[in-house]
Structure formats: structure tokens, C-alpha cells
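Chain by chain, the residues:
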Amino acid sequence: GQNIDQPTEMTATEGAIVQINCTYQTSGFNGLFWYQQHAGEAPTFLSYNVLDGLEEKGRFSSFLSRSKGYSYLLLKELQMKDSASYLCAVISRQAGTALIFGKGTTLSVSS
Amino acid sequence: SQTIHQWPATLVQPVGSPLSLECTVEGTSNPNLYWYRQAAGRGLQLLFYSVGIGQISSEVPQNLSASRPQDRQFILSSKKLLLSDSGFYLCAWSPAPGQPQHFGDGTRLSIL
């Protein structure tokens, strides 16, 4: 089967750095995605990793280790607007074209 | 650039009534299209996906159905809604399998 685990909640303060971890178990791994979802809104695409290593995009970076079934999303210079749920999703050849989502990590940023 | 439109934004329906949610994509051709549901406190669950006109794959057995009558149009339907059908319904598209998916604004469906 397929399984994705992420922490349910995290808190941090403005200006800080936070790392949101995601572990997954799937056969035929074909890529990992991170999405941001503000309360009541649709998810928006943040990053995509298919090979091992770090992908940097402004204040957000995402890391992947396929051998460990592990990824993290790193958010730097946190802002209040970063308070949202962060969803980890994997795509596998077994699941066809579909994304399998974790339940998401709710991040609360305080001043 | 590509855009995805989904409507209505909110919907309140009685149990046993029919349902039709529509999703259209602009600015691309032959997109992969998806319907997801997000229930309160739960993750996104894939309901249907389509790789082409008239081609629908169902992920979860239920009283919902999907159709793709045109290349960039994806419709989610039900003949008779259940209380358990309440949730946030999201349409998404991707240019090809394995590529990032981009979501519409979603429809919040409440069943009374």
C-alpha cells in the first residue's frame, strides 16, 4: 500500500526558519510535491522533487531522499501569511497519474 | 497562461437531490483532469481522473460519477446525494501524468 506521514501541527515565530517533514512508503515512486493550502482555499503548488537533493525557490526549499522515503519543506524568514496547511503528496507508477496526499501539517506563525 | 474555473463556489443541497459540478480549463489542450474531495479534518481524496475525452478512471466506489464531454471540461455528478457527500470538492489539471497539478478554487458542498 501507500502511506504518507507528516506532523499534524507546528508553530513558529515571524522571521524564524521551520522544517516540515514528510515520510512516505510507496512502490514505483515517481515524484513528490508540496502544496500550500490556506484555510477555506484550494491548494497551491509550491515545489516538485523527483531526484534526490534540494530544490530552492525563494524563501521555500524542498529536499528529497528517495532511499529514505523522506522529504522536507524548509520555510525561511517566516511571515504571518505563511500560516497555512502544507500538504505533501507523492505520485507513483502504481497509482497511475494520481497524487496521493498526506493529511497536511498546519503551521501557525505568531509575532 | 492556463486557468482553471470551477463553479459554483458554494452549494447547499438536500439529501437525495442531484448534483452537477463543472470545471473548465483554458489555455491548454488535452490536459489531465482530476476531481478530489476534502472532508473536514481529512486529506485530499482522489475521486476521478481523466486523460482524454470520454476516458474516466474511478478511484473510490461511491454514488458519484464523472464525465468529460469536451477536451477541457470535466463534470462531477450524482443522481442522489447522501449526507456523507458533504465536503470541499476540488478540480485540478496537469499538462501530463506525473507533472504538478493545479487546482481550481473549489466548491464547498453542504448536504442537509
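Here the structure is a predicted model, which means the values were calculated and not measured.

A. Just the interface of chain A and chain B, in detail. On the chain B side, the residues contacting the 17 residues of chain A number 20 residues. Contact between chain A and chain B buries roughly 1,500 Å² in total, counting both sides, with carbon and sulfur atoms accounting for 62%. Between chain A and chain B we count 0 salt bridges in total. Secondary-structure elements contributing two or more residues to the side of chain A that touches chain B are β4 (29–37), β5 (44–49), β9 (84–92) and β10 (99–101) of chain A. Ranked by residue count, the leading element in the side of chain A that touches chain B is β4(A), at 3 residues. Tallied by class, residues from the side of chain A that touches chain B come to 11 nonpolar, 4 polar and 2 charged.

B. Region of the structure containing the layout of surface pockets. As a volume, the largest pocket reaches approximately 520 Å³. Those elements giving two or more residues to the lining of the largest pocket turn out to be β1 (3–5) and β9 of chain A together with β9 (87–94) of chain B. The element best represented in the lining of the largest pocket is β9(A), accounting for 3 residues. When grouped by side-chain class, the residues that make up the lining of the largest pocket number 8 nonpolar, 12 polar and 6 charged. For the lining of the second largest pocket, the secondary structure elements donating two or more residues are β1 and β10 of chain A together with β5 (44–52) of chain B. Taken together, the residues of the lining of the second largest pocket sort by class into 10 nonpolar, 5 polar and 4 charged.

C. Seen up close, the state of the cysteines. Under the counting rule described, the total for this entry stands at 2 disulfides over all chains. The disulfide that involves Cys22(A) links it to Cys88(A), with 2.0 Å between the sulfurs. An S-S torsion of about -70° defines the bridge between Cys22(A) and Cys88(A) as left-handed. Of this pair, Cys22(A) sits in strand β3 (residues 18–25) while Cys88(A) sits in strand β9, and the two are 66 residues apart along the sequence. For the pair formed by Cys22(A) and Cys88(A), the shared burial category is buried. Residue pairing for Cys23(B): its cysteine sulfur links by disulfide to Cys91(B), the two sulfurs lying 2.0 Å apart. With the S-S dihedral at roughly -75°, the linkage between Cys23(B) and Cys91(B) falls on the left-handed side. Separated by 68 residues along the polypeptide, Cys23(B) in strand β3 (residues 19–26) and Cys91(B) in strand β9 bring together distant segments of the chain. Judged by relative accessible area, which is 0%, Cys91(B) ranks as buried.

D. The arrangement of the pairing of strand β8 (residues 70–75) of chain A in detail. All names here are of chain A. For β8, a buried count of 5 out of 6 residues is recorded, marking the element as mostly surrounded by other parts of the structure. In this structure, β3 lies alongside β8, joined through 6 bridges in antiparallel fashion. Following the sheet pairing, Thr23 is matched in β8 by Tyr70. In this antiparallel pair of consecutive strands, strand β7 (residues 60–65) and β8, the connection spans 4 residues, and Gly69 shows a positive phi of 60°.

E. Local environment of the sheet that holds β3(B). Residue and element names in this part refer to chain B. The strand order β1-β3-β8-β7 describes an open sheet built from 4 strands, whose pairing is antiparallel. Lying at the two open borders of the sheet, with one neighbouring strand each, are β1 (3–7) and β7 (64–70). Pairs of neighbouring strands in the sheet enclose a mean axial angle of 20°, with direction left out of account. In this sheet, strand β8 (residues 73–78) lies alongside β7 in antiparallel orientation, the contact comprising 5 bridges. Paired with Gln70 across the bridge in β8 is Gln73.

The rules behind the values
Residues numbered from 1 in each chain as written. Chains lettered and ligands numbered in written order. Predicted model: local features only at pLDDT ≥ 70, side-chain atom pairs only at ≥ 80, totals over all residues. Heavy atoms only, no water. Contact = heavy atoms within 4.5 Å. Buried area = accessible area lost by both parts, 1.4 Å probe. Salt bridge = Lys/Arg side-chain N within 4 Å of Asp/Glu carboxyl O. Helix = DSSP H or I, 4+ residues; strand = E, 2+ residues; numbered from the N terminus. Nonpolar A, V, L, I, M, F, W, Y, C, P; charged D, E, K, R; others polar. 1 Å grid on protein atoms, 1.4 Å probe; cavity = no way out; pocket = protein on both sides within 12 Å on 5 of 7 lines; lining within 4 Å. Points joined across faces, edges and corners; volume = space filled by probe spheres on them. Disulfide = S-S within 2.5 Å. Buried < 20%, exposed > 50% of the residue type's maximum accessible area, 1.4 Å probe, protein only. Pairing = 2+ DSSP bridges. Axes fitted to C-alpha atoms, helices over the stretch in contact; angles between N-to-C directions.

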